[in-house]
Amino acid sequence: MMIASVIVDVPAKQTDRAFDYRIPEQLKHVIQPGMRVVVPFGPRKIQGFVVGIKEKSDFDKLKSIVEPMDLSPVLNHELLQLGDWLTEQTLCYKISAFQVMLPAALKAKYDKKIRLANGYDVEILPLELQDLFCRNETILWADAVEKGILPLLQREASRGTVEVVYEVKERVKKKKLKHVFSKLTGNELSQAIQQLPANAAKQKEVIEYFIERPEPVELREILSALEISSATIKGLVQKGILGEKDMEVYRDPFAHREFQRTEPFPLTNEQEKAIGPILDSIEEKKQHVFLLYGVTGSGKTEVYLQSIQRVLQEGKEAIFLIPEISLTPQMVKRFKGRFGDQVAVLHSGLSTGEKYDEWRKIQRKEVKVVVGARSAIYAPFENIGIIIIDEEHETSYKQEENPRYHARDVAIERGRYHKCPVILGSATPSLETFARAQKSVYGLLTLSKRMNDQQLPTVQIIDMREELREGNRSMFSRFLLDKLKDRLEKKQQTVLFLNKRGHSSFIMCRDCGYVVNCPHCDISLTYHRFSQQMKCHYCGYEDSVPTTCPECNSEHIRYFGTGTQKVEEELGKILPEARVIRMDVDTTSRKGAHEKLLNEFEQGKADILLGTQMIAKGLDFPNITLVGVLSADTMLHLPDFRSSEKTFQLLTQVSGRAGRHELPGEVVIQTYTPEHYSIELAGEQDYDRFYDREMMIRKLHQYPPFYYISLITVSHENLMKVVSVTEKITHFISSKLSKDSIVLGPVASSIPRINNRYRYQCLIKYKREPRLGEAIKTVLDQYQQEINTNGLQISVDVNPYILM
DNA sequence: AGCACGCCGACT
DNA sequence: GTCGGCGTGCTC
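Values in this document were obtained by computation on a predicted structure and should not be read as measured data.

## A short note on the sheet that holds strand E31 (residues 708-716)
If you trace the four strands from one edge of the open sheet to the other, you get E32-E33-E31-E34, paired in antiparallel fashion. Of all the strands in the sheet, the pair left with one neighbour each is strand E32 (742-754) and strand E34 (793-798). Shown here is a sheet whose adjacent strand axes are inclined to one another by a mean of 20°, direction ignored. Summarising the sheet, E31 and strand E33 (residues 757-766) pair through nine bridges and their orientation is antiparallel. When the sheet's bridge partners are listed, Ser715 is paired in E33 with Arg759. Across the sheet, helix H24 (residues 719-736) is in contact with E31, E32, E33 and E34; its angle to E33 comes to roughly 15°.

## Re helix H14 (residues 407-418)
Taking 1.5 Å of rise per residue, the twelve residues of H14 would be expected to cover 16 Å, and the 16 Å separating its terminal C-alpha atoms lies within 8% of that figure. Burial of H14 is extensive: nine of the twelve residues sit out of reach of the surface. Within H14, burial applies to Ala407, Arg408, Val410, Ala411, Ile412, Glu413, Arg414, Gly415 and His418. The inward-facing, buried residues of H14 contact helix H1 (77-90), strand E13 (288-294), strand E14 (317-321), strand E17 (384-389), strand E18 (421-426) and helix H15 (431-438). Positioned one or two residues after H14, Lys419 has a phi angle of 50°, which is positive.

## Side note on unusual backbone geometry
The omega torsion of the bond from Asn402 to Pro403 falls at -10°, within 30 degrees of zero and hence cis. Within the element layout of this structure, Pro403 appears in the loop between E17 and H14. With an omega dihedral of 5°, the bond running from Pro704 to Pro705 counts as a cis peptide bond. In this structure, Pro705 sits in the loop between helix H23 (687-700) and E31. Look at Glu391: it is not a glycine, yet its phi comes out positive at around 50°.

## Here's the deal with the protein's contact with DNA strand C
Asp20, Tyr21, Pro40, Gly42 and Lys63 are the nearest of the 14 residues found near DNA strand C. Among atoms of DNA strand C positioned within 4 Å of the protein, sugar and phosphate together represent 43%. Within the backbone of Gly42, a nitrogen or oxygen atom sits 3.0 Å from a sugar or linking oxygen of DNA strand C. Elements with a minimum of two residues in the surface near DNA strand C: strand E2 (18-22) and strand E3 (36-41). Looking at which element gives the most residues to the surface near DNA strand C, the answer is E2, with three residues.

## Notes on the state of the cysteines
Put plainly, two cysteines are in a disulfide when a covalent bond ties their sulfur atoms together. As enumerated under the stated definition, the model contains zero disulfides in all. The thiol of Cys509 is not disulfide-bonded; the next cysteine sulfur, from Cys552, is found 3.7 Å away.

## Some thoughts on the protein's contact with DNA strand B
If you check the shell around DNA strand B, you find Val10, Pro11, Ala12, Gln14, Pro43, Arg44, Lys112 and Tyr166 and nothing else. Those atoms of DNA strand B that come within 4 Å of the protein belong to sugar or phosphate at a rate of 53%. Interatomic distance of 3.0 Å between a side-chain N/O atom of Lys112 and a phosphate oxygen of DNA strand B. In this structure, a phosphate oxygen belonging to DNA strand B sits 2.4 Å away from a side-chain N or O atom of Tyr166. Among the residues making up the surface near DNA strand B, the classes are represented as five nonpolar, one polar and two charged.

What counts and how
In this convention, every chain numbers its residues from 1, walking through the sequence in written order. Both sets of labels track the order of writing: A upward for chains, 1 upward for ligands. Owing to the predicted nature of the model, reporting of local features is limited to residues with pLDDT of at least 70; listing and counting of side-chain atom pairs is limited to 80 or more, with chain, interface and lining totals taken over all residues. Excluding hydrogens and water, the side-chain figures rest on all heavy atoms present in the structure. Two strands are counted as paired when DSSP detects at least two bridges linking them. A run of H or I in DSSP counts as a helix once it spans at least four residues, and a run of E counts as a strand once it spans at least two, with each numbered from the N terminus. Where helices are involved, their axes are fitted lines through C-alpha atoms of the stretch in contact, as for all axes, and angles between N-to-C directions lie from 0 to 180°. Only heavy atoms enter the contact rule, under which two residues are in contact if any of them lie within 4.5 Å. Multiplying one less than the number of residues by 1.5 Å gives the expected span of a helix. The classification of residues rests on relative accessible area computed with a 1.4 Å probe and restricted to protein chains. Under 20% of the type maximum is buried, over 50% is exposed, and intermediate values are partly exposed. We call a residue near a molecule or strand as soon as one heavy atom of that residue lies within 4 Å of the molecule or strand. Here a polar contact is recorded for every N or O atom pair within 3.5 Å, except that within protein the pair must consist of a potential hydrogen donor and a potential acceptor, and residues adjacent in sequence are included only if both atoms are side-chain atoms. Cysteine sulfur atoms are paired as a disulfide whenever they come within 2.5 Å of each other. In this classification, Asp, Glu, Lys and Arg are treated as charged, Ala, Val, Leu, Ile, Met, Phe, Trp, Tyr, Cys and Pro as nonpolar, and every other residue, Gly included, as polar.

Written out as structure tokens, the structure reads:
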């Protein structure tokens, strides 16, 4: 007898193990590891992943697999193994690890239904129910609740006349469209033409079409191609010459778009030198991690493209990761232009169905290259020749929910399996990566010159305190304003960057300084002009803006902080002639809006592009000669050890937008802390000195890359409970680790309360601690009961990116 | 996660 | 005496 080990779709500690199921005889040759199956679990039917097949089980009352959900495995051997690794690394459930590797469309949904039990007739039911069950075979549980007939049904269920059934349903269907095909051979078709009446010109045209191209064709396509109506086709179908059938098609997010083919550019000396070791590594089939450290505009992309080209020549596949925010149409264009329809694109702008289709193209080996954001690292290729992570330092590569993985780590793990190079590219590498390159753990490849020998833009740092002292209360320094006017005159373009993170608009009383906080979370409410409301970004609480201060009754209570709208307004006042395009969450939420706005800017329909994070990357327009950063230091003051690094990276990225082509670029950075090294050195665009400086601080405070960190966050409604549990956990972990490790806690989280739940943390810093995972698992086991029943939550983040 | 089983309080 | 509360433990 064949038995399948199945990981069931129940994300809980107690079910985080394989359950054994009998494989029915007729499925003996169908069921394979990596397939999704429907299995009975307790009283219901749920989805599961087959992880192994064996002949014996320790369990003797096995149930049988109900049915397979796939024709072929959705997870190959490597990905199953990778799932185990993910579970180990991030301490997540197996089922979560598998699900994160697949498109959302493959995640099961469940229906709970009620139907007449076997052997009973509708007659036996009370009258109210008879009608219902005459019309429907089953009734959705949710409908029954709504109709208020649940008690009735429950009574019947206890009599045994109706029963509850659970069904697993697929989330998306494969898209099918009507196709037309020829039922006859070429010769037979030619004969058929003869037999048609003389006035059937259109029908003859259709038959000729099929003589030339005998394969099935989409109905819509042939209708428009031959300019005929569906009646023509219908006639031929009735004559038995053509047939109609529904065939699967891909949703194509890039339909009706032409991508201009591009050829490889000749490489500069520097590029040539950088690509050498990569090509060697491809050839030697050796795992090797490289840091491609190249200033903005130094031509990293061309190195990527030509490396991928070599991989394709070897008959292998390539994964190219890029942060969601810079996964712009521009970037897609470059890849599609070079590699045509060998490219699949995966990003959050696609619908569930579109993502699923792109994923299937990969699985069916119809494409060779994947360009995508974080989760594209799990592309189901089987013969990977290179993995590239562009903008390696970006925080979006870390997933902030379970499984809390970093795409870089997954890339290196997959590279190990496929024995292929992994390229990490950045102008401002994360300290971890640069440190590893310095220690030769990673190969260091440097591009120090911009293409065509353009100069890096000149950077001017403006002290806004000085401006204030001299009576300028506007958000534009006089220097920046002059520059703006200058560009308007010269008809050159400007990018204005507003760093909003950590500093959104809040409501404050100007008399007593009272700030309106969320009643459920310890965080200020954000002002939304659109709805004239205040909103909590953590729990969704909403309220209208008070007219008087609840503390001092003053009427001088209003919103504070700088939003893009406010900047736009002020621009309108001081530079009324300037045409401004604003890009933020509000103006880009609609699908395609992002692209549209950028296109308008590119075509010169505006002088100033004003925006937040989303314009920091990827913009590459020749006419941009000025970049202004309105508030450089807003995120410098976040309680995070990476805040200096992030500030430096962001400022450097933004500066890189200026002067990428013939015209020289200029950058103006406004700040209240010009003396801070991350701002000063971003101004000098000196990564190396920033690195040295920041490394000293990291060493001093025992942070990465000198120490690894893990973060345990405990939350509960009761403050005392949280503190005492965190206290115990801290104690326990501390007792299990070597004395070189540092265990900090209990400490209130930087957002001490979210949704009325208090949050405390235990931070662990260590150099080598092989037993830490074990210790954390013990903690989770210990508190299992309270987690299940008492509403206690304990979350673990190994190598957290944000300490929140 | 769901759900059944089982042991204690307030009702017909 | 029973209906129903939610603590406890199980699901191949």
